[in-house]
Each structure stands twice: as C-alpha cells, then as structure tokens.
Amino acid sequence: MAATGSEKQGGKAFYVTTPIYYVNDAPHLGHAYTTVAGDVLSRWHRQRGEKVWYLTGTDEHGQKIMRTANANGVSPQEWCDKLVEEAWKPLWEHLEIANDDFIRTTQKRHTDRVQEFVQDLYDKNEIYKSSYEGPYCVGCEEYKLPGELLDGEGEYAGQKLCPIHKKPVELLQEENYFFKLSEYTEKLLAHYEANPDFIQPESARNEVVNFVKQGLQDLSISRSTFDWGIPIPWDDKHVIYVWIDALLNYATAVGYNENPEKFESTFPADVHLVGKDILRFHAIIWPAMLMANGLPLPGRIAANGWLMVGGEKMSKSNLTGIKPQDLTSHFGVDAYRWYFLRAIAFGQDGSFSWEDFSARYTSELANDYGNLASRVAAMVGKYFGGELPAATADGEAEKAIHDGLAHAVAQADRKIGDELDFQGGILAVFDFVKQVNGYITEQEPWKVAKDASAEGQARLATILYTAAESLRAVAVLLNPVMPETSQKLWDSLGAEVSLGALADQQIQEAGDWGRLPAGTTVTKGAVLFPRLEEKPTA
Ligand code: ME8
C-alpha cells in the first residue's frame with residue numbers, strides 16, 4: 001500500500017544539505033549557486049508532500065579562518081560571529097532560502113558531539129598516533145600529494161603550487177593522530193559498486209572510483225601547530241582536523257548522540273550537495289568515518305560543477321567583482337534563483353555573463369512567461385469582467401494542452417525531484433509555457449471575442465479557461481524555483497482563495513486538469529518580470 005501523506009510525515013525526512021561554508025569572507029556567487037540548488041530541491045520535495053529537512057551552515061575552525069581573523073585584528077570567534085550575522089545569514093534570507101536549521105561548527109551542540117564521535121573512533125581502535133610530513137594547502141585545508149602539485153611561475157617561481165588555489169603549499173611536519181582510512185578502500189569500492197547513484201554525476205563517480213582504486217592512505221585527523229579548533233578529547237595539545245570537524249555537522253545538526261528521535265527520523269542525508277572541489281571529502285572520508293562508527297551512509301553525494309570566470313573556478317580571489325546582491329538588485333531575486341539553474345547543466349562547469357542573463361531574462365522570463373500571465377489576466381478582465389469562465393467547448397487544441405501539461409509535470413518531477421537535473425526540469429515547464437503561448441496565438445481569442453454567438457462565446461471562454469488553468473499549474477511547478485513570482489501569479493489567478501496556499505499545492509496533482517474552479521476572480525496583478533533597466537556602469 002502506498003504511504004499516505006501523514007504516514008510519510010511521520011517517517012524519515014528527506015534530508016538535504018549544502019556544504020558548510022568557510023567564513024573567512026562573505027558569500028559569493030558560487031556559494032549561492034549550491035545553496036539555491038538545495039533550496040529548490042527541498043521546496044520541490046516539500047511540495048511532494050514529504051517531510052523535508054534542509055540544512056546549511058558555516059565552517060568556522062581551522063587555519064584559514066584563524067589567519068584571516070588575525071590579519072583583521074580580531075579573535076577568530078569575533079570574526080565568525082560578525083561574518084555569519086552580517087553576511088551569510090542575511091544573504092540566505094535575501095535569496096529566500098528556506099533552510100530548517102543553520103549549524104555553526106563553533107556551537108556547543110556541535111563541538112561536544114564531535115569530541116564524542118572522535119573519542120568513539122579512538123576507543124574502537126580506528127585512530128593511532130604517528131608523524132607526517134607533506135605539502136599542505138591552507139586554502140583547501142588539506143595535505144596534497146606531491147604528484148598533484150603545479151610548478152610555480154613568476155612571483156611563485158621555484159615553489160610548488162596547489163592545483164586549485166594556484167598558491168604555494170607549505171611543508172608541514174607534525175606528530176598527528178591518524179584515522180585508518182586505508183582499511184576502507186575495499187569497503188568503499190564495494191559500496192560504490194552496489195550503489196551506482198551514490199556519487200553524481202557519472203564523471204564525479206568515475207573520478208572518485210579511480211582515485212580510491214589506487215589505494216587510500218591513512219588520514220591525519222589532528223593538528224598541533226595552532227589551536228583554533230576542537231580539542232582532541234584525550235590529548236588537548238591537538239585540535240581535530242577541520243574537515244573531520246566539518247563533515248560531522250551533518251550528524252550533529254540533527255541530534256547525533258543527543259536527540260535519538262530527531263536523529264533517526266532525519267539521518268542520514270538523502271542528498272549531500274557539494275561542489276566538485278570537495279567531492280573526495282564527501283565521497284571517501286565521510287562514508288569511511290560513518291562505516292567506522294557503524295552509522296548509515298547517505299543516499300547521494302551530488303557534485304555541482306564550477307561557476308567559472310575567465311576559464312578558472314570562481315573564488316574569493318578571482319571574483320568578477322559582481323556580488324549576488326548586484327545581480328538581484330538588477331534582475332530580482334527570483335530571476336537570480338532561476339538563472340544559474342536554467343543556464344548551466346547541474347554537474348557541469350559554466351560561465352556567467354551579464355549579457356547572457358539579460359538575454360534569457362528578456363526572452364524567457366519577461367516575454368514568454370510574464371507576457372503570457374499578463375495577457376491572460378487582461379483578457380479574462382476585458383471579456384469576462386475578471387470572472388474565470390468555464391471551459392465548455394474543449395476540442396483537439398485543448399486536449400493537446402492537457403497532454404502537454406501532464407508531460408511537463410512528469411518530466412519536471414522526475415528531473416528536478418529525482419535526478420537533480422534542474423535545467424531539464426525548468427526547461428520542461430518552459431516548453432509548456434511556449435506551448436500555451438502558441439495555443440493562444442493560434443486560437444486568436446481577440447478575434448473569437450468578436451463573435452457574439454453562443455458558440456463563439458463558449459470558444460472564447462474555453463480558450464481563456466485553458467490558458468488560466470495552464471498558468472495555475474505553471475505557478476505550482478515554478479514555485480520551488482521562483483516563489484515570489486509564483487505567488488504573484490497565484491494571487492492574480494485568484495487561486496489563493498479558491499485552492500488555498502501555493503506551498504500546499506502538490507506537484508503530483510499539478511497536472512490534474514480543471515483544478516482552478518470557474519468563477520474564480522482573476523485580476524491583473526503586478527508585472528511578473530519588469531523590463532530591465534540599463535546595465536549599471538561600474
Ligand atoms: O569547502 N562554483 O567551504 P567553501 C560552484 N568549508 N560552486 C562553488 C564555487 C564555484 N565557483 N565556489 C564555491 C568548504 N562553491 C568547506 C566545506 S562541508 C563539510 C565543508 C560552493 O566556503 C561549492 O558548493 O570553500 C563548494 O563546494 C563550496 O561552495 C565550497 O565552499
């Protein structure tokens with residue numbers, strides 16, 4: 001028997017996470033990209049009627065943060081508090097990110113539980129002490145293998161560089177505690193084999209499998225040359241390696257060792273969204289840590305590609321100078337949420353350009369979608385005094401629309417909800433928008449309106465009902481991507497009154513034809529996508 005909504009509500013939540021971001025600086029377009037994707041995925045599943053838990057947060061320990069705070073003349077904690085409150089949380093609010101929790105790795109609910117987890121591994125003989133010497137990249141907070149380093153040029157001539165940050169690595173030698181990661185090589189390979197969807201996309205999976213097949217080395221999990229971290233519980237001269245600390249946020253935030261009910265109804269994550277720069281930590285170290293502690297493994301590690309600038313990964317040091325807020329103030333928050341998912345295939349790298357954004361905004365959002373919404377509302381106003389008429393003369397053209405909608409719903413639900421193919425899902429909905437535009441162009445309601453016969457009026461009513469009902473479904477399907485605009489459309493269709501809150505509309509029912517009742521009051525609402533102002537000059 002299929003689970004009913006309420007049974008599902010009582011069961012395990014669909015649990016989605018973003019990386020927890022370093023707070024050495026303010027968030028940029030790249031961070032917002034992953035966080036918006038997670039928000040769309042969570043909202044989609046909420047609209048499937050599922051219980052959902054969406055987690056984001058900040059990664060506050062380690063050398064990178066400590067050095068930034070020192071350089072700014074404040075304590076690391078002060079630095080983190082300021083950045084979290086003044087930069088990170090406000091941006092997520094601005095972008096309408098509906099996260100259920102925000103974890104900070106300096107919170108006691110996290111630090112205590114991390115110590116317990118690591119102590120547990122120590123007690124299980126998974127950790128031992130040894131010394132290590134190797135090249136370390138502070139930007140990555142990771143020891144590098146000599147073979148992956150680049151030869152420096154120019155100001156870095158004669159030095160070895162991190163392949164991601166293109167900055168010199170530092171030679172570190174330390175007495176550290178090690179996690180017996182090498183013992184998990186075969187177990188991890190077996191898990192990847194048995195769970196082909198565990199790492200997405202395929203290219204990411206292949207990269208990880210090939211890396212693990214070479215055999216894993218044990219992992220240094222403590223540092224003793226600085227103290228901005230969580231102390232190793234049995235040896236407080238060491239702090240826990242920032243990545244071990246950070247990965248555990250996915251467990252500590254949902255009640256690990258603290259709230260068994262919450263933990264069991266949430267953990268493990270169904271989807272860990274990560275950038276491909278941090279894939280190995282999530283697809284290798286994290287599952288090995290969980291195996292070592294007897295905890296269940298996540299469903300999927302989904303790696304997004306990189307937003308690129310000038311052929312390089314967009315990062316704090318090579319930003320375009322464009323902040324998320326610069327784009328939202330010009331294009332609006334909803335168009336911003338839509339653009340990156342629409343323009344770049346999730347999992348692939350992609351470049352951003354102001355011109356491309358403007359062109360897509362104008363043709364797809366303003367012309368195709370926005371105009372359709374305003375034309376339909378205007379015609380229901382003009383011909384029927386704003387009262388939605390009933391469709392009494394459905395024919396072949398209407399049937400094609402009904403079928404087109406059913407197809408769009410099925411495609412969008414599979415692509416966004418299951419496959420994380422946001423671009424494909426959004427395109428499925430916009431193809432339907434195009435189909436409805438074509439339908440109106442062909443049916444020419446403005447001409448039919450001149451036919452005062454009962455038959456003519458029935459056709460006119462049918463055309464406008466069909467268009468309005470199509471828009472009702474579009475508002476539901478685009479709500480996870482563009483909540484503010486969808487709400488405007490929903491209000492203009494009078495659907496809030498006749499069908500209830502937009503967020504309560506289920507995706508599975510979006511394609512059931514005829515939900516918007518005749519008689520509903522349709523009003524010409526605010527323009528969904530206003531004409532763009534001139535591009536601001538720098
Ligand atoms: O790595 N394109 O934090 P971080 C796409 N604290 N996504 C990008 C991006 C770009 N150019 N730049 C950043 C860390 N991102 C660790 C994570 S998790 C237990 C600890 C996104 O602040 C992408 O999701 O460097 C990437 O993985 C993340 O930001 C890195 O954020």
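If you're wondering where the values come from, they're calculated on a predicted model, not measured in any experiment. (Residues numbered from 1 in each chain as written. Predicted model: local features only at pLDDT ≥ 70, side-chain atom pairs only at ≥ 80, totals over all residues. Heavy atoms only, no water.)

Draft legend 1. Just the overall build of the protein, in detail. When you go through the protein residue by residue, the secondary structure sums to 20 helices and 18 strands. The globule rule puts the C-alpha radius of gyration for 538 residues at 24 Å, and the 26 Å found for the protein is close to it. With the principal axes as the frame, the protein shows a C-alpha extent of 90 × 60 × 40 Å. Residues classed as buried in the protein amount to 56% of the 538 residues present. (Helix = DSSP H or I, 4+ residues; strand = E, 2+ residues; numbered from the N terminus. Rg over C-alpha atoms; globule rule 2.2 N^0.38 Å. Buried < 20%, exposed > 50% of the residue type's maximum accessible area, 1.4 Å probe, protein only.)

Draft legend 2. The sheet that holds strand 11 (residues 222–223), seen in detail. Across the sheet, which stays open at both edges, the three strands sit in the order 11-13-12 with antiparallel pairing between neighbours. Every interior strand has two partners, whereas the edge strands, strand 11 and strand 12 (231–232), have only one. (Pairing = 2+ DSSP bridges.)

Draft legend 3. Spatial organisation of the packing of helix 7 (residues 202–213) against helix 11 (residues 279–293). For the pair helix 7 and helix 11, the least separation of the axes is 11 Å and the interaxial angle reads 55 degrees. In terms of axis orientation, helix 7 runs oblique to helix 11. Our pair here, helix 7 against helix 11, has a crossing hand that is right-handed. For the pair formed by helix 7 and helix 11, the contact residues are Ala204, Glu207, Val208, Phe211 and Val212 on the first element and Leu279, Arg280, Ala283 and Ile284 on the second. For the contact of helix 7 with helix 11, a count of residues per class yields seven nonpolar, no polar and two charged. (Axes fitted to C-alpha atoms, helices over the stretch in contact; angles between N-to-C directions. Parallel < 35°, antiparallel > 145°, perpendicular 65-115°, else oblique. Left-handed = near helix turned anticlockwise from the far one by under 90°. Contact = heavy atoms within 4.5 Å. Nonpolar A, V, L, I, M, F, W, Y, C, P; charged D, E, K, R; others polar.)

Draft legend 4. Representation of the pairing of strand 13 (residues 235–240). When strand 11 meets strand 13, the two strands line up antiparallel, connected through two bridges. Among the inter-strand pairings, Arg223 is bridged to a residue of strand 13, identified as Val239. As paired strands, strand 12 and strand 13 are joined by two bridges and run antiparallel to one another. Residue Pro231 lies in a different strand from strand 13, and its bridge partner there is Val239. Connecting the antiparallel pair strand 12 and strand 13 is a turn made up of two residues.

Draft legend 5. View of the site of the ligand. Ile20, Thr34, Asp59, Leu307 and Met314 are the nearest of the 27 residues found near the ligand. One of the side-chain nitrogen or oxygen atoms of His31 is found 3.3 Å away from an oxygen atom of the ligand. Here a nitrogen atom of the ligand sits 2.7 Å away from a polar atom, N or O, in the side chain of Asp59. With the chains in place, 97% of the 670 Å² that the ligand exposes on its own is no longer accessible. Contributions of two or more residues to the shell around the ligand are made by strand 1 (14–22), helix 2 (29–46), helix 8 (242–247), helix 9 (249–252) and strand 14 (271–275). Split by residue class, the shell around the ligand holds 14 nonpolar, nine polar and four charged. (Near = heavy atom within 4 Å. Polar contact = N/O pair within 3.5 Å; in protein donor to acceptor, adjacent residues only side chain to side chain. Areas by Shrake-Rupley, 256 points an atom, 1.4 Å probe, with all protein chains shown as cover.)

Draft legend 6. Representation of unusual backbone geometry within the structure. A cis amide bond, omega -5 degrees, links Gln200 with the succeeding residue Pro201. Put simply, Phe267 and Pro268 share a cis peptide bond, and its omega is 0 degrees. Residue placement: Pro268 occurs in the loop between helix 10 (260–264) and strand 14. One non-glycine residue, Asn125, adopts positive backbone phi at about 65 degrees. Structurally, Asn125 can be placed in the loop between helix 5 (108–123) and strand 4 (127–137).

Draft legend 7. Region of interest: helix 15 (residues 396–418). A rise of 1.5 Å per residue sets the reference length of helix 15, with its 23 residues, at 33 Å; its end C-alpha atoms lie 32 Å apart and thus fit the reference within 8%. Among the residues making up helix 15, those that are buried are Glu398, Ile401, Gly404, Leu405, Ala408, Val409, Gln411, Ala412, Asp413, Lys415, Ile416 and Gly417. Check the buried side of helix 15 and you find it contacts helix 2, helix 16 (422–443) and helix 18 (454–478). (Expected span 1.5 Å × (residues − 1).)

Draft legend 8. Layout of the sheet that holds strand 16 (residues 307–309). Ordered in space as 17-16-18, the three strands form an open sheet in which the pairing is mixed. Every other strand in the sheet has two partners, leaving strand 17 (312–313) and strand 18 (350–351) as the edge strands with one partner each. Strand direction decides the pairing type here: strand 16 and strand 18, joined by two bridges, are parallel. Residue pairing for strand 18: Leu307 is matched across the bridge by Gly350.

Draft legend 9. Seen up close, the UniProt feature "binding site: Zn(2+)" (unreviewed entry) in the protein. Following the UniProt record, the feature "binding site: Zn(2+)" (unreviewed entry) maps to Cys137, Cys140, Cys162 and His165 here. A compact arrangement is adopted by the annotated residues: their sequence extent is 29 residues, whereas the largest C-alpha distance between any two is 8.5 Å. Its place among the elements puts Cys140 in the loop between strand 4 and strand 5 (142–143). Contacts of Cys140, omitting those with residues within four sequence positions, involve Tyr22, Cys162, Ile164, His165, Trp243 and Phe281. Positionally, Cys162 belongs in the loop between strand 7 (160–161) and strand 8 (170–179). The class for Cys162 is buried, based on a relative accessible area of 0%. (UniProt positions renumbered as here; feature names shortened; annotations may be inferred.)

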